[in-house]
Amino acid sequence: MFQTNIVQSLLRGLDPIHQKAVSLTPGQVFNGKITKLYPGQLASLQLGGLTLTAKLEAALTAGNRYWFQVQPGEGIPVLKVLEANGELRNSSSGDSDQALRQLGLNNTRINEMLVNHLAKEEVPFYREHVKNGAQTLKEVGMVNERGLSTLQVLIERNLPITTNTFLAMQSVIDGQGLSLQLDELFELLQRTKVKQPALQQLDEMISRMRSEANIKVDQPHVVEMLKSFLSETDHSTKHRQSQNELIKLRVIPNNTSPQQLLAHIKDMLTLASEEQLKNIWPTVSKEEIISMINKDDITRLFNKVVFGTGEKSGQKLQQLLALFSKDFDFAHSQDNSTLTKQLTSMIRLVGYQYERDVSQFFEQQNSSSEKLGLQLKSLLIETRKLDLPSPLLQKIESILHRITGQQLLLSNQESPITNYAVMVPLKLLGTTTDLTIQWEAKKNEDGKLDPNHCRILFYINLNYLKETIVDVQIQNRIVSLNVINQHEKPVKLITALQPILKDALFNLNYQLSSVKWGQPTVRTANSLNRNVSRHSNEFYQSNRSYQGVDIRI
């Protein structure tokens, strides 16, 4: 369901009500329904979830479906009703003969399946769409509903229909996440016996990305893990989870028991000076600290730790963790600007702007090619040319398709509302995941997205909260958040963290309006079908009325 939510949002945009429009051009064919007749030869025509007003110049019947073809001309689009043996007749969505005959195409099984699918989805199409689409489905071996749905996306977004674009879009719709695929490619590279400079560069790039993808954790989380590890029973789920995370963070070594850690902490606290302990527990004397340790009152001891804010907070955590290991070096959580740079760097390293950089390289003779070599997509293209073992080559092509598919979703920016989306590989507490960021806004005069009025969605699969969507809406720099997650609302946690969020936004000249928590709505299995998603998606309005005459039939 989570992957479907992401794909649906990427395909339709964040504001489909205002973005939705019909753009009819000469030569297009579609199957539409006459919903209602009005005096003065006017009628309502249903097309692609929209209700259009039509001027009738042919005798049509309300409630019937017909095949239409857009005719050349200026002004209001003119639609020609495709006749069957010289007669205007009701055409069900499964009747593809008229459309195929009008387009001069053979009535083959694949052509019929594709035309019927587009008719059912009310998607206008050209002759070349059917011709190239049928050929592509045969080449990739996907003459089924999945293949038809992928072709529909390419047609709706006016993208070229080729094997490469099909596989790229298919990879986005139901492929693996980028982080998992990078981990698998890294393992394959370690085992390969092929020694090539390009493979070495690819290996170094993935190693760098895996390192930069590691998001540091905050101090309260580490302390909570320590409290759970030392106070929970040995066989509890919470204890095992805390132990695993502390090991991943290198706070404790493998096979360390709570009793061993507690004994070590007692020894270190006994040896520590009063001044050292005052930095961590400014309101508690050394005698009281030793007393709490001897009474195994771990929770109360950690509750009295005072971190403060800023750089001092990280230093105090470092001092606290030094009680566990003299050689311990914990990289505390970074500030907002560092995290922003980290995400920006990952986007650049993936190569989402690779084609633009290539174009600039050829246009500017004095530019360097070094920038191109520091992108994952560039290295994947180079290594794909090598004679490699089949599993390694397949994984390289799979990741390349995944990146290209993400780029294809950004290729159509002709709407007044611009929609962008990127997938960033991340590692949280040693767990590999992906952060998909989608934002939508109008562009300013300088061509940049307006930060005063925009909407941003974050999709991430977390270790405990699992599939989570954070919907951020900004109007006049006033921010409202809506967290979508299957768990119950953590009231105490939100109450504790909301003031911190409010202050952080205030420092960026934004004002926090509200933080809401909701559970996801249940979708049908075939939620990639646009007609189904209209009724299951609370962000989508199926019909949008128009005033005046839109088309002439």
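Just so it is clear, the model here is predicted, and its values are computed rather than measured.

Caption draft 1: Representation of unusual backbone geometry in the model. One non-glycine residue, Glu122, lies in the positive phi region at around 55°. Classification of Glu122 as buried rests on a relative accessible area of 5%.

Caption draft 2: Structural view of the side chain of Ser179. Along the polypeptide, Ser179 turns up in helix 8 (residues 178–191). The exposure class assigned to Ser179 is buried, which follows from its relative accessible area of 4%. Here Leu426 takes part through its backbone nitrogen, which lies 3.2 Å from a polar atom of the side chain of Ser179.

Caption draft 3: Representation of the side chain of Gln342 within the structure. Turning to its location among the elements, Gln342 is positioned in helix 17 (residues 336–350). The class for Gln342 is buried, based on a relative accessible area of 11%. A polar atom in the side chain of Gln342 sits 2.4 Å from the backbone oxygen of Glu212.

Caption draft 4: Summary view of helix 21 (residues 390–408). A rise of 1.5 Å per residue sets the reference length of helix 21, with its 19 residues, at 27 Å; its end C-alpha atoms lie 26 Å apart and thus fit the reference within 8%. Here helix 21 has its buried residues at Leu392, Lys395, Ile396, Ile399, Leu400, His401, Arg402, Ile403, Gly405, Gln406, Gln407 and Leu408.

Caption draft 5: Fine view of the packing of aromatic side chains. Inspection of every chain in the model, using the stated rule, returns three aromatic pairs. With 6.3 Å between their ring centres and 85° between their planes, Trp67 and Phe125 make a pair best called edge-to-face. One end of the pair, Trp67, is in strand 4 (residues 65–71); the other, Phe125, is in the loop between helix 4 (109–120) and helix 5 (127–140), and 58 residues separate them in sequence. With a relative accessible area of 0%, Phe125 lands in the buried category.

Caption draft 6: Region of the structure containing the nonpolar core. Leu185, Leu202, Leu376 and Leu380 are the most contacted members of the largest nonpolar core, which totals 51 residues. Broken down by element, this core gets its largest block of residues, six residues, from helix 8. Aside from chain neighbours lying at most four places away, what touches Leu185 is Leu202, Ile206, Leu380, Leu392, Lys395, Ile396 and Ile399. Residues Leu103, Leu114, Val130 and Met142 belong to the second largest nonpolar core, which totals 32 residues.

Caption draft 7: Quick look at the pattern of salt bridges. Within the structure shown, the criterion is met by seven salt bridges. The residue Glu184 makes a salt bridge to Lys395 at a minimum N-O spacing of 2.6 Å. Placement of Glu184 in helix 8 and of Lys395 in helix 21 is noted, with a sequence separation of 211 residues between them. Across the pair Glu212 and Arg208 runs a salt bridge whose closest N-O atoms are separated by 3.0 Å.

Caption draft 8: A look at the packing of helix 20 (residues 376–383) against helix 21. Here helix 20 crosses helix 21 at 135°, and the two axes come no closer than 10 Å. Judged by the inter-axis angle, helix 20 sits oblique to helix 21. Pair helix 20 / helix 21 crosses with left-handed handedness. Note on element contacts: helix 21 touches helix 20 through Ile396, Ile399, Leu400, Ile403, Thr404 and Gln407, opposite Leu376, Lys377, Leu380, Ile381 and Thr383. Residues that form the contact of helix 20 with helix 21 fall into these classes: seven nonpolar, three polar and one charged.

Caption draft 9: Layout of the pairing of strand 2 (residues 42–47). Summarising the sheet, strand 1 (residues 29–38) and strand 2 pair through five bridges and their orientation is antiparallel. Along strand 2, the bridge assignment pairs Leu37 with Ala43. Where strand 1 hands over to strand 2, the hairpin turn is made up of three residues, of which Gly40 adopts a positive phi near 80°. When strand 2 meets strand 3 (residues 50–55), the two strands line up antiparallel, connected through six bridges. The partner of Gln46 across the bridge, within strand 3, is Thr51.

Caption draft 10: The environment of Leu505, seen in detail. Residue placement: Leu505 occurs in helix 22 (residues 491–507). Beyond its immediate chain neighbours, meaning those up to four positions away, Leu505 contacts Val479, Tyr510 and Leu512.

Caption draft 11: Region of the structure containing the sheet that holds strand 11 (residues 478–485). One open sheet accounts for seven strands, arranged 6-7-8-9-10-11-12; its pairing is mixed. Both edges of this open sheet fall to strand 6 (214–215) and strand 12 (511–518), since each of them pairs with a single strand only. Where strand 10 (residues 466–475) lies against strand 11, eight bridges are found, and the strand directions are antiparallel. Bridged to Val470 within strand 11 is Val483.

Caption draft 12: Region of the structure containing the packing of helix 5 against helix 6 (residues 145–156). Across the interface, helix 5 lies against helix 6 with an axial gap of 11 Å and an inter-helix angle of 140°. Relative to helix 6, the element helix 5 is oriented oblique. Regarding helix 5 and helix 6, the two cross each other, and that crossing is right-handed. Of the residues in helix 6, those in contact with His129, Gly133 and Leu137 of helix 5 are Gly147, Leu148, Leu151 and Ile155. Here the residues of the contact of helix 5 with helix 6 are counted per class, giving four nonpolar, three polar and no charged.

Caption draft 13: Here's a closer look at the environment of Thr51. With respect to the helices and strands, the residue Thr51 is situated in strand 3. Linking Thr51 and Ile34, residues 17 residues apart in sequence, is a C-alpha distance of 9.6 Å.

Caption draft 14: Quick look at helix 12 (residues 258–271). Helix length check: helix 12, at 14 residues, gives a terminal C-alpha distance of 20 Å against a target of 20 Å (1.5 Å per residue), a fit within 8%. Within the span of helix 12, buried status applies to Pro258, Leu261, Leu262, Ile265, Met268 and Leu269. Projection of helix 12 onto a plane perpendicular to its axis shows the buried side chains occupying an angular sector of 125°, all on one side. Structural note: helix 12 exposes Gln259, Thr270 and Leu271 on the side pointing more than 90 degrees away from its buried face.

Caption draft 15: Here's a closer look at the pairing of strand 10. As paired elements, strand 9 (residues 449–462) and strand 10 share ten bridges and run antiparallel to each other. In the sheet register, Ile456 faces strand 10, and the bridge partner there is Val472. Following strand 9, the chain reverses through three residues before pairing antiparallel with strand 10. Taking the residues that link successive antiparallel strands as the turn, the strand 10-strand 11 hairpin has two residues, and the phi of Asn476 there is positive, at about 55°.

Criteria and thresholds
- Residues numbered from 1 in each chain as written.
- Predicted model: local features only at pLDDT ≥ 70, side-chain atom pairs only at ≥ 80, totals over all residues.
- Heavy atoms only, no water.
- Buried < 20%, exposed > 50% of the residue type's maximum accessible area, 1.4 Å probe, protein only.
- Helix = DSSP H or I, 4+ residues; strand = E, 2+ residues; numbered from the N terminus.
- Polar contact = N/O pair within 3.5 Å; in protein donor to acceptor, adjacent residues only side chain to side chain.
- Expected span 1.5 Å × (residues − 1).
- Phe/Tyr/Trp six-rings, centres within 6.5 Å; stacked < 30°, edge-to-face > 60°.
- Core = buried A, V, L, I, M, F, W, Y, C linked by side-chain atoms within 4.5 Å.
- Contact = heavy atoms within 4.5 Å.
- Salt bridge = Lys/Arg side-chain N within 4 Å of Asp/Glu carboxyl O.
- Axes fitted to C-alpha atoms, helices over the stretch in contact; angles between N-to-C directions.
- Parallel < 35°, antiparallel > 145°, perpendicular 65-115°, else oblique.
- Left-handed = near helix turned anticlockwise from the far one by under 90°.
- Nonpolar A, V, L, I, M, F, W, Y, C, P; charged D, E, K, R; others polar.
- Pairing = 2+ DSSP bridges.
- Arc of directions from axis to C-beta.

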